Structure formats: structure tokens, C-alpha cells
Amino acid sequence: STVSCPPSGAEGLEVGNVIQNLEFTSCMDDSVFFHDLCGKPALIANWYGWCASCEDNAALARQLAEEFPDTSFILVLDENPLSEPVDADFCMAYQNAYPSPAQIWMDPEKKLEVYGSTDLILVLDQEGKIVFKRQTATESAIREAVLSVQ
């Protein structure tokens with residue numbers, strides 16, 4: 001089937017909706033957008049430095065990025081362990097501390113927070129539609145969601 005890029009469909013926050021023009025920043029201070037992920041399945045994990053379940057999700061995302069190279073894995077950093085907004089220096093230090101094929105994006109304005117709580121996991125299909133949205137998801141549920149979009 002043909003994939004429509006950028007994603008089309010009802011934009012919103014729920015399963016079945018698409019995320020089109022949400023802008024973040026890479027560790028190199030470049031603008032990155034959700035719609036740039038179109039054409040490949042994606043897993044997005046939200047990360048706060050003081051959130052233990054966020055770190056568990058991040059570790060799983062890094063592991064799954066190794067297992068599923070045809071899927072985009074995005075770790076969105078919001079706050080450092082001191083509850084301060086992340087900056088490029090923190091982003092690069094995190095990326096160097098945890099090398100992985102997963103991309104690291106920054107969200108110091110917490111735009112992603114409207115989609116759920118601090119330990120949010122989103123899985124998008126190759127058309128950019130949300131197929132999985134959970135907070136505090138189990139490893140098996142996350143793995144199953146990633147498998148469903150392969």
C-alpha cells in the first residue's frame with residue numbers, strides 16, 4: 001500500500017489520530033518534526049530525568065532500536081534530573097552516555113506533555129497514525145505494539 005507523506009487524517013491525541021506539525025529540537029539544535037518520521041513506523045518515549053519509569057522506557061527504546069532497525073525510535077528529553085528544561089549540552093551528554101540508534105530530541109517547552117503523562121509511550125504506524133498510547137506500559141505491551149507496525 002502507498003503511504004501518504006506528510007501524514008493525513010484527523011490530527012489529535014488519541015489512537016487513530018495523526019501527529020503532523022509538532023516541532024522539537026535535535027541535540028544539534030536543528031528543528032525536527034513528527035511528520036519527518038512518515039514512511040517508517042516509530043516509537044516515541046517521553047523522558048524526565050527524575051522519572052524512574054521514564055528511564056525504564058528509554059532503556060527499552062534503546063534496546064528495541066537495535067532489534068528493529070526499520071523503525072524510528074525517538075527519545076524526547078523534557079527535564080534533566082534537577083527538573084530543569086534540557087538544553088543541547090545535556091542532550092549531547094545523554095546521547096554520549098547512552099549510545100544507540102535511537103534519535104534524541106529535546107522538548108524543553110513540554111509540547112509532548114499534552115499527549116499524556118511524563119512516562120508516555122506512543123507507537124506510530126508508517127502512515128503516522130497513533131496505534132498505541134500508554135503511560136506506564138509493560139515491556140511486553142510496548143514490544144507487541146512495535147511488532148504490530150512492522
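Residues numbered from 1 in each chain as written. Predicted model: local features only at pLDDT ≥ 70, side-chain atom pairs only at ≥ 80, totals over all residues. Heavy atoms only, no water.

Draft legend 1. Inspection of the pattern of salt bridges at higher detail. In the structure shown here, the tally under the stated rule is seven salt bridges. The residue Lys-133 makes a salt bridge to Glu-14 at a minimum N-O spacing of 3.4 Å. Remark: Glu-14 occurs in the segment before β1 (23-26) and Lys-133 occurs in strand β7 (residues 130-135); sequence separation between them is 119 residues. Residues participating in the shared-partner salt-bridge network are Glu-67, Glu-139 and Arg-143. (Salt bridge = Lys/Arg side-chain N within 4 Å of Asp/Glu carboxyl O. Helix = DSSP H or I, 4+ residues; strand = E, 2+ residues; numbered from the N terminus.)

Draft legend 2. Inspection of the packing of aromatic side chains at higher detail. Scanning all chains against the criterion turns up seven aromatic pairs. A centroid spacing of 5.4 Å and a plane angle of 80° characterise the contact between Phe-24 and Phe-34, whose relative ring orientation is edge-to-face. Of the two residues, Phe-24 sits in strand β1 while Phe-34 sits in the loop between β2 (31-33) and β3 (42-48), which places them 10 residues apart along the sequence. Classification of Phe-24 as buried rests on a relative accessible area of 2%. Looking at Phe-34, the relative accessible area reads 2%, which means it is buried. Summarising the aromatic geometry, the rings of Tyr-48 and Trp-50 are spaced 5.3 Å apart at their centres and angled 50° between planes, so their arrangement reads as tilted. Classification of Trp-50 by relative accessible area gives partly exposed; the value is 43%. (Phe/Tyr/Trp six-rings, centres within 6.5 Å; stacked < 30°, edge-to-face > 60°. Buried < 20%, exposed > 50% of the residue type's maximum accessible area, 1.4 Å probe, protein only.)

Draft legend 3. Spotlight on the nonpolar core. Ranked by size, the top nonpolar core spans 31 residues in total, and within it Leu-43, Phe-73, Leu-75, Leu-77, Val-123, Phe-132 and Ile-142 carry the most contacts. Secondary structure elements with two or more residues in this core: β3, α1 (52-67), β4 (72-79), α2 (88-97), β5 (103-106), β6 (120-124) and α3 (139-148). Ranked by the residues each element gives to this core, the list is headed by α1, at six residues. Setting aside anything within four residues of it in sequence, one finds Leu-43 in contact with Ala-61, Thr-71, Ser-72, Phe-73, Ile-74, Ile-121, Leu-122, Val-123, Ile-142 and Val-146. By size, the runner-up hydrophobic cluster in this structure holds 16 residues, among which are Ile-19, Leu-22, Val-32 and Ile-74. (Core = buried A, V, L, I, M, F, W, Y, C linked by side-chain atoms within 4.5 Å. Contact = heavy atoms within 4.5 Å.)

Draft legend 4. Just α1, in detail. An ideal rise of 1.5 Å per residue puts 22 Å on 16 residues; α1 measures up with 23 Å between its terminal C-alpha atoms. Inspection of α1 places Cys-54, Asn-57, Ala-58, Leu-60, Ala-61, Arg-62, Leu-64 and Ala-65 among the buried residues, and these make up the whole buried set. Against the buried residues of α1 lie β3, β4, α2, β6 and α3. (Expected span 1.5 Å × (residues − 1).)

Draft legend 5. Geometry of the sheet that holds β4. The seven strands are arranged β2-β1-β5-β4-β3-β6-β7 in an open sheet whose pairing can be described as mixed. Bordering the open sheet on either side are β2 and β7, each of which pairs with just one other strand. On average, each strand axis in the sheet is inclined to that of its neighbour by 30°, with strand direction left out of account. Note: β1 against β5, two bridges, orientation antiparallel. Pairing of Ser-26 across the sheet is with Trp-105, part of β5. Each of β3, β4 and β5 touches α2; the most contacted strand, β5, lies at about 160° to it. Across the sheet, α3 is in contact with β3, β4, β6 and β7; its angle to β7 comes to roughly 170°. (Pairing = 2+ DSSP bridges. Axes fitted to C-alpha atoms, helices over the stretch in contact; angles between N-to-C directions.)

Note that all results are geometric; they support no functional claim without further evidence.
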